[in-house]
Amino acid sequence: MHEEQTGTTNFVRIPIFQRILDNPFILLFVGVVLPTVFYIIWGIMEIVTIPIAP
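Residues numbered from 1 in each chain as written. Predicted model: local features only at pLDDT ≥ 70, side-chain atom pairs only at ≥ 80, totals over all residues. Heavy atoms only, no water.

Engineer: Lay out the overall build of the chain with the relevant residues and their values.
Structural biologist: Counting its regular elements, the chain contains two helices and zero strands. Counting all 54 residues of the chain, 0% fall into the buried class. Accessible surface, the chain: about 5900 Å² in total, of which carbon and sulfur atoms supply 70%. (Helix = DSSP H or I, 4+ residues; strand = E, 2+ residues; numbered from the N terminus. Buried < 20%, exposed > 50% of the residue type's maximum accessible area, 1.4 Å probe, protein only. Areas by Shrake-Rupley, 256 points an atom, 1.4 Å probe, with all protein chains shown as cover.)

If you want it as structure tokens, here you go:
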């Protein structure tokens, strides 16, 4: 007698935030780009607020 098991595979969808946090290259990219953009914007704001010399 031969019995076949017809098992169903349950595919669990991994949330996008977990996939981002599990990828070290994305974390490296975010860790380099965010401070860079922040400091560039901060520098532009500082330059704009400098009063014009008479």
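Engineer: Kindly report on helix α2 (residues 24-48), identifying the contributing residues and their values.
Structural biologist: The first and last C-alpha atoms of α2 sit 36 Å apart over 25 residues, in line with the 36 Å expected at 1.5 Å per residue. Two or three places before Phe25, at the opening of α2, Asn23 has a side-chain oxygen 3.1 Å from that residue's backbone nitrogen. (Expected span 1.5 Å × (residues − 1). Polar contact = N/O pair within 3.5 Å; in protein donor to acceptor, adjacent residues only side chain to side chain.)

Engineer: An account of the packing of aromatic side chains is requested, with residue identities and associated values reported.
Structural biologist: Counted under the stated rule, the structure contains three aromatic pairs. Summarising the aromatic geometry, the rings of Phe38 and Tyr39 are spaced 5.5 Å apart at their centres and angled 65 degrees between planes, so their arrangement reads as edge-to-face. Ring geometry for Phe38 against Trp42: centres 5.8 Å apart, planes inclined by 45 degrees, an arrangement best described as tilted. Taken as a pair, Phe38 and Trp42 lie in helix α2 at a separation of four residues, close to a single helical turn. Overall, the relative accessible area of 42% leaves Trp42 in the partly exposed class. The rings of Phe38, Tyr39 and Trp42 are connected pair by pair, giving a single aromatic cluster. (Phe/Tyr/Trp six-rings, centres within 6.5 Å; stacked < 30°, edge-to-face > 60°.)

Bear in mind that shape data such as this cannot, by itself, settle questions of function.
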